[in-house]
Amino acid sequence: MMRSSKGTCDPQQLLADNALPDRSLYLLFEDVSYSVRKGILTNEKKKLLKDLSGDFRPGELTAIMGLSGAGKSTLMDILAGFTTNSITGKIMINGQERNISEFRKLSAYIMQDDNLQPLLTVQEAMLIAADLKLGLNRRENSQKIDELLIAMGLDESRHTLTKELSGGQRKRLAIALELINNPPIMFLDEPTSGLDSTSSKQCISLLKQLVQEGRTIICTIHQPNAILFNMLDHLYVIADGNCVYTGSTQNLIPYLDSVGFNCPIHYHPADFLMEICNGDYGSHVSKLVESIGNGRNEEWRSTQSLYLNKNKETLTSQQITERLYSFETELIHTPDYIANFWKQFRVLIKRNAIKLFRDKVFTLLRIVMHFVVGLMVGILYFRIGQDAAYVLDNFNLLYFNIMFLVFTAFSATMIAIPLELQVLKREHFNRWYKLRSYYLANKLTDILIQLIATFIYTIIVYYMSNQLPESRRFVLFMFMCFIASLVGQAAGLLIGCILKVQDGVVFGPFAIMPFVILSGFFIHVKDVHQYFHWLFDTSFFKYAFEGVLIVTYGYDRAKLKCSADYCHFAVPRRFLIELGIEDVNYWLNVIILISMCIILDIVAYISLNIRIKKRIYLS
């Protein structure tokens, strides 16, 4: 194992072992433009990128630079396939027009925010990535992980939770997670953002090692310091959606001299160029754009020999043809996702289980809350269940049970998806797993927690309130409460898939309030005009509430004892008749609730799919 030899191994050699010079990708784009609508109510569009051209080559560390709002992140998103709509122009890979679906099999996009799972250790995070992205056995996965962790300088931190890593370590782990399947082209958005000068230098040094093995690495960077600037191989500068420079960092000062801008001595040339783009010396952006041909002028490019060079190719035409053919053959036999659905599902369930076990605040608090509230409710309604004098109080208790279980399930799941959206966006885009695998794994994990919480609450309340101690009635009672909580869970997922966290917390409860009003608790169906009966049929609270009432007072329950002088509802059926639900079928209500749950889940999944695509393809 590589771990045992970590004291003598060479990280550069380990990275070189993963080098793929025969899979190098040459990225060329011509006349790329991108527009967005100025407003919702207008068709007028604003052009963010304006006929950009350029080429990014294997063996070069390319940095896209520009002022805030210049369009560098937009160009990065387009080249990575993160944005695909409202784009004109050509994007080519090794001389052929890019197929976005096939291209994503060979690329990785590491976003500005690391978006790591905070409750996993480095080793666990790498194992999850290996299981999803590699078709290897356990031993081979472990060997691959050991090599990468040593190469990335993370071997000593393999058992550290990701939330406890430093900024530089988190960035290296984010790169390692995507590097595990050895993509020949990588995109990084602001890789040095939030890092100190030492960590930034280590990050760029790592990227330099990766490009030396034939990879094409493109990153955005705001304004690098002199050390980082000199480590870059290729600089592509954007201003107002146009290219004002493309070439090596060493040629930037000669280029500025050629267009009449003399960079002061001891002045950082990148800062000087940014000041020119900002208009500090007048309006000269158009002059720079014209001089560089909006990215077409390659006069200032590096002269070093590369794997592929647009003008001087180090590969013959026959070799290029063979390479393209090998890529086509490889991609045809490479599935969109390495792991099949069931493996993805198993791995994600495992990850969720680890997270739930360690997230004691969220998981334990949820269970403890059901336990504590159950005790409080049991004390308040102590031993009223079999006394006809307290039928109306028991009626209130049964309704509160449904309300509490539905709203706790609703609130817990409403924030789950929005809090993980950025992680989901990164992993799904980089083809770790299918969206349905993620959704179902999260759904099943939460169902198990909800089942435990519902059981704890119902068994406490049921027996403390002295409901009829029949096992059949208790099982049916708990089952109806559990099904009702699942509907609340699905409704929470739907709100979470549609709204942001802050919006969901405010507007989520209002979304289900109409169903609460139509539950039959505040006003009975029989007391409403028949033209409005259909409104009650849309409320899942109604079906759940009727279900627990039937279980409690139906099924030929015997006459209740009466501790008062007169008990109007001593005969349980009389109470059901008073409510107008004497003929309600328990199992029909269960079927309706399950159907509602399935419908809400389908709508939630579709909403999440649309949201993910919108965030990815229209960002």
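Residues numbered from 1 in each chain as written. Predicted model: local features only at pLDDT ≥ 70, side-chain atom pairs only at ≥ 80, totals over all residues. Heavy atoms only, no water.

**A closer look at the nonpolar core**
- Ranked by internal contacts, the top residues of the largest apolar core, which has 114 residues, are Met-126, Ile-175 and Phe-187.
- Ignoring any residue separated from it by four or fewer positions in sequence, one finds Met-126 in contact with Ile-145, Leu-148, Leu-149, Leu-173, Ala-176, Leu-177 and Ile-180.
- In terms of nonpolar packing, the next biggest core, distinct from the first, is built from 58 residues, Leu-397, Leu-549, Leu-579 and Cys-597 among them. (Core = buried A, V, L, I, M, F, W, Y, C linked by side-chain atoms within 4.5 Å. Buried < 20%, exposed > 50% of the residue type's maximum accessible area, 1.4 Å probe, protein only. Contact = heavy atoms within 4.5 Å.)

**Here's the deal with the pattern of salt bridges**
- Counted by the stated rule, this structure contains 23 salt bridges.
- Of the charged contacts, one joins Glu-30 and Lys-90 as a salt bridge, the two residues approaching to 3.8 Å between their closest N and O atoms. Linking Glu-30 in strand β1 (residues 27-37) with Lys-90 in strand β4 (residues 87-93), this pair joins segments that are 60 residues apart in sequence.
- Close ionic contact of Asp-601 with Lys-443 constitutes a salt bridge, the shortest N to O distance being 2.9 Å. Placement of Asp-601 in helix α23 (residues 586-617) and of Lys-443 in helix α17 (residues 435-464) is noted, with a sequence separation of 158 residues between them.
- Three or more residues joined by partner-sharing salt bridges are found here, namely Asp-55, Arg-57, Glu-60, Glu-298 and Arg-301. (Salt bridge = Lys/Arg side-chain N within 4 Å of Asp/Glu carboxyl O. Helix = DSSP H or I, 4+ residues; strand = E, 2+ residues; numbered from the N terminus.)

**A look at the environment of Arg-346**
- For Arg-346, the position within the fold is in helix α13 (residues 341-358).
- Sequence separation between Arg-346 and Ala-441 is 95 residues, and the spatial gap between their C-alpha atoms is 7.9 Å.

**Focus on the UniProt feature "transmembrane region" (unreviewed entry) in the protein chain**
- Per the UniProt record, "transmembrane region" (unreviewed entry) is found at residues 361-382, 402-423, 444-464, 476-499, 506-525 and 586-608.
- For residues 402-423, the helix share is 95%, the strand share is 0%, and the end-to-end C-alpha distance is 33 Å.
- In this annotation, residues 506-525 is assigned 60% helix and 0% strand; the end-to-end C-alpha distance for the span is 29 Å. (UniProt positions renumbered as here; feature names shortened; annotations may be inferred.)

**Notes on the side chain of Gln-344**
- Along the chain, Gln-344 falls in helix α13.
- Note on Gln-344: relative accessible area 0%, which makes it buried.

**Structural notes on helix α7 (residues 197-211)**
- Taking 1.5 Å of rise per residue, the 15 residues of α7 would be expected to cover 21 Å, and the 21 Å separating its terminal C-alpha atoms lies within 8% of that figure.
- Among the residues of α7, the N-terminal cap falls to Asp-196, whose side-chain oxygen and the backbone nitrogen of Thr-198 are separated by 3.2 Å. (Expected span 1.5 Å × (residues − 1). Polar contact = N/O pair within 3.5 Å; in protein donor to acceptor, adjacent residues only side chain to side chain.)

**Considerations on the sheet that holds strand β5 (residues 96-97)**
- The strand order across the open sheet formed by four strands is β2-β1-β4-β5, and the pairing between neighbours is antiparallel. Each end of this open sheet is capped by a strand with a single partner; those strands are β2 (45-56) and β5.
- Sheet topology places β1 next to β2; eight bridges connect them, and they run antiparallel. Across the sheet, residue Val-32 finds its bridge partner in β2, namely Leu-52. (Pairing = 2+ DSSP bridges.)

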